[in-house]
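What follows is each chain in one-letter form.
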Amino acid sequence: MRSSTAHAATSGSVPFMLRGPKSVRRILAVAVAGAIGFTPAVINSSPAYAAVGDITRVGTGAIEVTEGGRIDIRLSRAGGGPLDEAEVTWAVADGLDPTIDEDDVVAMSGSVIFPAAANATSAQNQTVSIGTVNDTMDEQDLENLEITLTLPSPQSPITVNASIRDNDAPPAYRLVVDDANPDESAPSVMVSATLSAPSGKDIEIPLSTQAGTAKAGANQDFVALDTVTPPVLTILAGALDSDEVPVTINNDDVFEEPVQSFTVRGGTSPTVTGTQSATVNIHDNEDQPEIDVVAAGAANEGDEIDFRVHLSGASERPVTAAWHTDDGPGADYEADPLSPHGRAVAGQDYTGGNGTVTFRAATASDDTTEGNELQHVKVRSTRDTIDELNPEDMHLTLSNPTIGKLAEDFVATGSITDTNVPPEVRLLPTTRSATEGNSGVKAQTFTVRLDKPSGQKVKVQYAVTAGQTNPATPGSDFISRPGTLIFQPGETEKTFTVDIVGDSALETDETFEVEILAANATLATDLNTGPVPFTIRNDDSAPSFSVAPLVLKEGNEGTVAVLPVKLSGATAANATFNVTAAAGTGQGGATDAGANPGDIDYVDPTATVIIPAGQTTGFAYFLVNGDDVFEGDESLSVEVATDTVSGTDLIVTGTPKTAKVTITDDDPAPSVRINSDEADEGDSVQLTATTMGVAQHDVSYNVTARGGSANGSAAAAADDFSDPGTIGLTIDGGTLSGSTVNVGDPIDITDDERPEPAETVLVSGSAFGTAGKVEQGVLTIAANDDGDQGGEGPGEEPGDNRPTISAPGRTGAGPVTITGRVAPDATVELWGAPIGGGELAWIANTKATATGNYSFTRTISQGMRFVAQSQEVNSNEVRVTITQGVTLTASSPRADHVTVLVKSSPNAAGRKVVVQRWTGPNTWTNILVSRANVNGAYTATTTAPSGTIALRAWVEGVPSQGINTGYSAIVRPVIK
């Protein structure tokens, strides 16, 4: 379409524009010409005959130009006189079909002017020049137009026919598919065409389809376009896009390649350039088919097991899977413990093998015959004569699939049904008796035999019970437990035993019975009627009896004495014995009567002893009285004789037997404690003692009195008292513990005139014979004659000059420093004794400094008592204790173990050692408890958790020796 300015520029005048379809334009052009006073006429005047002023066309005929050229119509006005100005208008209208379009010319109308002339001596010439548009649109080869020239009145219009020849090539096109990658479930794809440029012609493009990997057909992948009357894509003149043509996609049930393609082709047409095609890729929507297998059912021996191999859906390509057989049930088999199956063995029970199943390719979605969805694998079973576990199983396994995949059920178990008769069970020996024997057990072997092998396990149960006639007693005559014999496939003989118990009891022949049961075998005739009897033949004579001496401890609360009575062999009936006791005589005789401590030693035993039938030992029981009286070992006699009333004397031989019963005393011998006392010079003092413990008989002690120091006191001199010598002290038997007795005659204290401090006499002694010990007492003679009365030390009153003393405790054996103050430059004596006991003894002297300070250093290995003495005045006593020194080392010799070494100072030989591990919170747990060796050390290895642990050790002290329990430092070994 051109604008009006273009027409004006070309024609030189402003045209009367005509617009609209060509037929309309033609009507309008004629109407315009009539309106301006011209009558249209087709006149082609020749200038040779024209009158002055007439306008004629120069030349005749139609005009043809090529697109972009100009249509020139030459006009001439005759001269020969004066001429007025004359205007000739022109208008373009459609010619014969095919006609032009308004866009084919530059202007649709215009005019030319012949100028006025006063005297035109020659003709005037003008040209109507109409430009054509050189466009790029392919149009009809010739488009026709009609040009009407309207002349001044009274001349008629002139009509000129013209044609425009097209010079453009037809446009190219491309095919468009609305979905080039459709899913198989899509009903169709739509095909259309798009031009590279608009055309002035209506365009028709024929379509066709060509199969590729996708197949064409009603039951294939797509429906091909009709080849007899192909569908056509139509593009109207001036448009770029065509209508759409559908291509049907088939949604089949066949598993195919993931993508299958076909081609849509556009045909040739004179109105377009070239041919085009488009590819459609159909995406398959079927799941990959699965292959499973199942056994059609059990097969009898000799028949085939039919394994049905199934494909879940048809495939466009052949599907294969390998198969092989194996013994026994497959993974698909669920065992039932109440109904076990046997294991079929290839080569014995069936013919094993392997191979491949092939499902043929489906030709179309309606191709679902058995060949492409079901295959059979048949396995031949073997017929034999052996009874086997019924049924026996083997299985077939699928593997290595192609195209398809294995389903969950790719293993199937096939069963073979056995039809053979089970074996018969027999029991040997057929002669069924044996002698008993006198002792121990004798195994009687029984043999169970099958008359032929079985292919399955055969279970034979046996039970042994007491017989019906003279029944033997289980446990005493025979020993047997019910049992089951398992015959593995192929085995034919098994044994079991019954133990015959030997004894020496006289008894009749006895019987037991053997019963055989079989669940999967038949019983021989002699077993099928019930239990089989077996006889135990007696071979014993009457037994004798015996008793033996008995020794037992007395105890403090009473003890039951048990005196065995033994037979040389068991009896078939109970054996009864009479029992009597006789007291011992003398000091060593046990008695059952009396009023003094220790007199009643026992209570008479039971009157009878019964040995049950089948047993060889019975017991006489009596009570031994426990006490805390020292009496020495004592004995009594117990007589055992066969009872005549019960008839035991007829089944047991032997005269009455006597057993000596000794009661050993376990009470300590009594001791005495000398009672300490005080006296003044001139007194007569009766020494006394307190008894500790009681004795049944008299006990004696030796006692002496000697001057000696007690706790730092001054020892009495020999002339300070009358020496009684060795005093014999006898405690009467039965004297109760805690009694006070006199020790010898009174001792006279010498009355002299010497000034003396308090002095002491030590009274001690020793046991005589079996007596206990004598604990020392002290007789103190009071200070007299203005002697030093003593103070807190051993009798002195120190006043302001009393020495001071102090000493620290320590851990482990080693030096301790004793310090204090006395008078300046005074001599100091150090006295000491173990805390565990003993009198103070002189240790060392030193001299105090000018300020009165002194010190001693002593190495100690136990607790000590120290007293300092200066200028005959004693200090207070100081006690120095030792805390047990403990060292602990630990290491890990191997994984989860720890080795410890504990050492002690002072030597703690024989004392308790404990190693502990921290288990928190606030908790130490014992891991080792023992005692130190002779070197005072302990080492051991025990388990421990891996990683770092905390350990400590402690060693028991001896408080009576001034040694306190001590702990080691904590160690933290790393355990492997």
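Rules used throughout
Residues numbered from 1 in each chain as written. Predicted model: local features only at pLDDT ≥ 70, side-chain atom pairs only at ≥ 80, totals over all residues. Heavy atoms only, no water. Helix = DSSP H or I, 4+ residues; strand = E, 2+ residues; numbered from the N terminus. Rg over C-alpha atoms; globule rule 2.2 N^0.38 Å. Contact = heavy atoms within 4.5 Å. Areas by Shrake-Rupley, 256 points an atom, 1.4 Å probe, with all protein chains shown as cover. Polar contact = N/O pair within 3.5 Å; in protein donor to acceptor, adjacent residues only side chain to side chain. Phe/Tyr/Trp six-rings, centres within 6.5 Å; stacked < 30°, edge-to-face > 60°. Buried < 20%, exposed > 50% of the residue type's maximum accessible area, 1.4 Å probe, protein only. Pairing = 2+ DSSP bridges. Axes fitted to C-alpha atoms, helices over the stretch in contact; angles between N-to-C directions. Core = buried A, V, L, I, M, F, W, Y, C linked by side-chain atoms within 4.5 Å.

Where an unreviewed UniProt entry is consulted, the protein chain appears under the name Calx-beta domain-containing protein, with the organism given as Paractinoplanes deccanensis.

This part is about the overall build of the protein chain. Within the protein chain, the regular secondary structure consists of four helices and 78 strands. Taking 976 residues into account, the globule formula puts the C-alpha radius of gyration at 30 Å, and the protein chain, at 72 Å, lies well above it. Referenced to the eigenvectors of the C-alpha coordinate spread, the extents of the protein chain come out at roughly 215 × 115 × 40 Å. Sequence-distant contacts, at least 24 apart, represent 72% of the contacts inside the protein chain between residues at least 6 apart. Accessible surface, the protein chain as shown: approximately 46,500 Å² in total, 50% of it carbon and sulfur.

This next bit is on the environment of Asn926. Summarising the element assignment, Asn926 is placed in strand β72 (residues 924-931). The spatial distance from the C-alpha of Asn926 to the C-alpha of Gln916 is 4.3 Å, given a sequence separation of 10 residues. Here Asn926 is in contact with Val914, Val915 and Gln916, once residues within four sequence places are set aside. A distance of 3.0 Å separates the side chain of Asn926 from the side chain of Gln916, its partner in a polar contact.

For the coordinates displayed, the defined rule picks out 12 aromatic pairs. Between Phe446 and Phe534, the ring centres sit 5.5 Å apart and the planes meet at 70°, which makes this aromatic pair edge-to-face. Of the two residues, Phe446 is situated in strand β30 (residues 441-450) and Phe534 in strand β37 (residues 532-537); the sequence distance between them amounts to 88 residues. When sorted by exposure, Phe446 lands in the same class as Phe534, which is buried. Consider the rings of Phe512 and Phe534, whose centres lie 5.0 Å apart with planes at 25°: the pair is stacked. Of this pair, Phe512 sits in strand β35 (residues 510-518) while Phe534 sits in strand β37, and the two are 22 residues apart along the sequence. Judged by relative accessible area, Phe512 falls into the buried class, the value being 0%. Residue classification places Phe534 among the buried residues on the basis of a relative accessible area of 1%.

This paragraph deals with the sheet that holds strand β18 (residues 290-295). Picture the strands of a sheet paired through backbone hydrogen bonds; they go either parallel or antiparallel. Pairing within the open sheet is mixed, and its four strands lie in the order β24-β20-β18-β26. Of all strands in the sheet, those with a lone pairing partner are β24 (374-380) and β26 (405-406), marking the two edges. Pairing of strand β20 (residues 304-311) with β24 involves seven bridges; the strand directions are antiparallel. Opposite His310, over in β24, you have Leu374 as the bridge partner.

What follows covers the sheet that holds strand β9 (residues 142-150). Strand order in the open sheet formed by five strands is β2-β10-β9-β5-β6, with mixed pairing between adjacent strands. A single partner strand is all that each edge strand has here, and the edge strands are β2 (63-66) and β6 (109-114). Here the strands of the sheet are splayed against their neighbours by 25° on average, with no regard to which way each runs. Bridge analysis of strand β5 (residues 86-94) against β6 gives six bridges, and the strand direction is antiparallel. From the neighbouring strand, Ala91 faces β6, where its bridge partner is Ser109.

Turning to the nonpolar core, a few remarks are in order. Tyr701, Leu729 and Val743 are the most contacted members of the largest nonpolar core, which has 27 residues in total. Those elements giving two or more residues to this core turn out to be β47 (671-674), β52 (699-707), β54 (727-731), β57 (759-768) and β59 (777-781). Non-local contacts of Leu729, meaning those with residues more than four positions away in its chain, are made with Val672, Ala689, Val699, Ser700, Tyr701, Val703, Val741, Asn742 and Val743.

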